[in-house]
Amino acid sequence: MPQKTKKRKTAGKKTAKPIRVGVIGVGRGQAFASGATDLVGMKLVAICDTWKERLKEVGKRYGVTTYTSYDRFLEHDMDAVILANFFHEHAPFAIKALEAGKHVMSETSCNSTLAEGAALCSAVEKSGLTYMLAENYPYTAFNMEMRRLYQEGEIGDVAYAEGEYNHPMPATSSLAISPGLEHWRNCIPSTYYCTHALAPLVFITDTMPVKVNALSIVHGRDRTQTVRRGDSGSVILCRMSNGAIFRLFGGGTAGHSIWYRLHGTRAAMETTRGPGYFGPEQIRVWREEWRLEPGEVVERTYKPDWPEHADLARRSGHGGGDFWTNFDFAQAIRSGKQPFLDVYRGVAMSSVGILAWKSALEDGAPFDVPDFKKKSSRRAYADDHWSPWPKDAGPGQPPSSILGEQRPTKEGLALARKIWKEIGYHGK
Ligand SMILES: NC(=O)c1ccc[n+]([C@@H]2O[C@H](COP(=O)([O-])OP(=O)(O)OC[C@H]3O[C@@H](n4cnc5c(N)ncnc54)[C@H](O)[C@@H]3O)[C@@H](O)[C@H]2O)c1
């Protein structure tokens, strides 16, 4: 069973010395930039991006120093760096920031290879600084409530759980956020973006993945409307540290859905289904009539609120998560204690995506998730550079689809070029 949640410090009050933060990446990075305020005890001081036109515009909006060079950005007088650069390039950027003496919060994924995961854990330990995975889905009101219920023993020990993050998009929107044939979204295998499905379940139950297997879904990808090489979704099974099985589903298959369910030894709980991709944001807890204990009811359904700071959370994006990630990062830096979403959990969950892809390419064979708290595991994986990303291409590297290397169609390419021109992207 996880530890009881410690009482959090108050948000919304000015603290004497704000944590000075720099953000890299002006897309998603703006959620962190706009949230780095005195409400969470932070102050935005610098932004970095190589996309000059956008950087200029965003820098003006926030009135902070801008950099196109990450090395120069790291020389800025600041305490912490938030990484919202490309999905598959976070680990080397995090390691550089730690070596420059900055605390790091990183968007998903922490590591794009197992070797990077091992190196990142060592770098955090060596630095003694704070590292946090910026997973926002654990912080919805319903997931925080399920964590509270779980900690109080409401459902007993988790035996089985399901997590879903399935996010289909219109072709034009999807192309607009994936500029370039080698943009990570156009090359990502279907299992890699698994932390939105897995992190809430880990947060609720405080269990860790120890073994994975997975299958990839090939239906529903119209290649005349995309230049994506990957499959449309995947199902991952994780054996957890307490023996439970978690099933994760995600990708871009029809039916936007963000949903979680847990079955324990005493009862079950879930977020209720529809309408909308979050559903009505209600929790349903249910148990068998024949095992009711005094004071218990067979079933109850209700809409929970956040345990605190509900007004601030409600005003932020991703169901409140965009407030809580900045808030918990600032709290962790101030307290000197690593946050719940620390480097070991972050790397283990990111590694699930990598190992699940190995499994999917072997039609569901099981793979162990290394425990990078152990130095011997880090040594064992120090040279595991297995990677589907074009920058790592070479003999022995895997494709991004179980169907093998997928080339863009003529129609998909023409549509992509049209959209990329419209958004001002002039690269390949
Ligand atoms: N948690 C969430 O809800 C959520 C939502 C969207 C995106 N994300 C994550 O945020 C990250 C960024 O995604 P995005 O949607 O902004 O798209 P993106 O990955 O296209 O944007 C990355 C930005 O970083 C910049 N960049 C890349 N390399 C750089 C370098 N070497 N130096 C300076 N700048 C560099 C790019 O120019 C771009 O503007 C990804 O990891 C993604 O998974 C998370």
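Residues numbered from 1 in each chain as written. Predicted model: local features only at pLDDT ≥ 70, side-chain atom pairs only at ≥ 80, totals over all residues.

(A) Structural detail: the nonpolar core. With 115 residues, the main nonpolar core has Val21, Leu120, Leu198 and Val352 as its most contacted residues. Top contributing element to this core by residue count: helix H12 (residues 343-361), with 11 residues. When neighbours within four sequence positions are excluded, Leu198 is seen to be in contact with Gly163, Phe246, Leu248, Met349 and Val352. (Core = buried A, V, L, I, M, F, W, Y, C linked by C-beta atoms within 7 Å. Buried ≥ 20, exposed ≤ 12 C-beta atoms within 10 Å, placed from the backbone. Helix = DSSP H or I, 4+ residues; strand = E, 2+ residues; numbered from the N terminus. Contact = placed C-beta atoms within 7 Å.)

(B) View of the environment of Tyr131. By the secondary structure assignment, Tyr131 is in strand E6 (residues 131-133). A sequence separation of 46 residues divides Tyr131 from Ile177, and the C-alpha atoms of the two residues are 27 Å apart.

(C) Inspection of helix H14 (residues 410-422) at higher detail. Counted at 1.5 Å a residue, the expected span for H14 with its 13 residues is 18 Å, and the 19 Å between its end C-alpha atoms agrees. Along H14, the positions that sit buried rather than exposed are Gly412, Ala416 and Trp420. Looking down the long axis of H14, one finds its buried residues gathered within 60° of arc, a one-sided arrangement. Opposite the buried face of H14, at more than 90 degrees from it, the exposed residues are Lys410, Ala414, Lys418, Lys421 and Glu422. Where H14 is buried, its residues touch helix H7 (171-176). (Expected span 1.5 Å × (residues − 1). Arc of directions from axis to C-beta.)

(D) Highlighting the pairing of strand E2 (residues 42-48). Of all 7 residues that make up E2, 6 are buried, and the element is covered over most of its length. You can see the chain leave strand E1 (residues 19-24), run along helix H1 (residues 29-35) and come back into E2, and the turn it takes is right-handed. Alignment of E2 against strand E3 (residues 65-67), held across 3 bridges, turns out to be parallel. Bridged to Cys48 within E3 is Tyr67. Tracing the backbone out of E2, into helix H2 (residues 52-62) and back to the parallel element E3 gives a crossover that is right-handed. (Right-handed = clockwise from strand over helix to strand, strands pointing away. Pairing = 2+ DSSP bridges.)

(E) Structural view of the packing of helix H6 (residues 141-151) against helix H9 (residues 195-205). As a packed pair, H6 and H9 sit with axes 8 Å apart at the nearest point and diverge in direction by 30°. By the criterion of interaxial angle, the relationship of H6 to H9 is roughly parallel. Each of Asn143, Met146, Arg147 and Tyr150 in H6 lies in contact with H9, whose residues at this interface are Pro200, Phe203, Ile204 and Thr205. (Axes fitted to C-alpha atoms, helices over the stretch in contact; angles between N-to-C directions. Parallel < 35°, antiparallel > 145°, perpendicular 65-115°, else oblique.)

(F) Spotlight on unusual backbone geometry. For the peptide bond that leads from Thr108 to Ser109, omega is 10°, which places it in the cis range. In the segment running from Gly274 into Pro275, the intervening peptide bond is cis, with an omega of 0°. One can find Pro275 in the loop between strand E12 (268-271) and strand E13 (283-286). One non-glycine residue, Asp206, adopts positive backbone phi at about 55°. By the element assignment, Asp206 lies in the loop between H9 and strand E8 (209-217). Located in the positive-phi region is Glu281, a residue other than glycine, with phi close to 60°. With respect to the element layout, Glu281 can be found in the loop between E12 and E13.

(G) Main features of the confidence of the model for the protein chain. Here the protein chain averages 94 in pLDDT, and 96% of its residues register 70 or above. Contacts for the low-pLDDT stretch residues 1-7, under 50 throughout, to residues beyond four places or in other chains number 6 contacts. (pLDDT = per-residue confidence, 0-100.)

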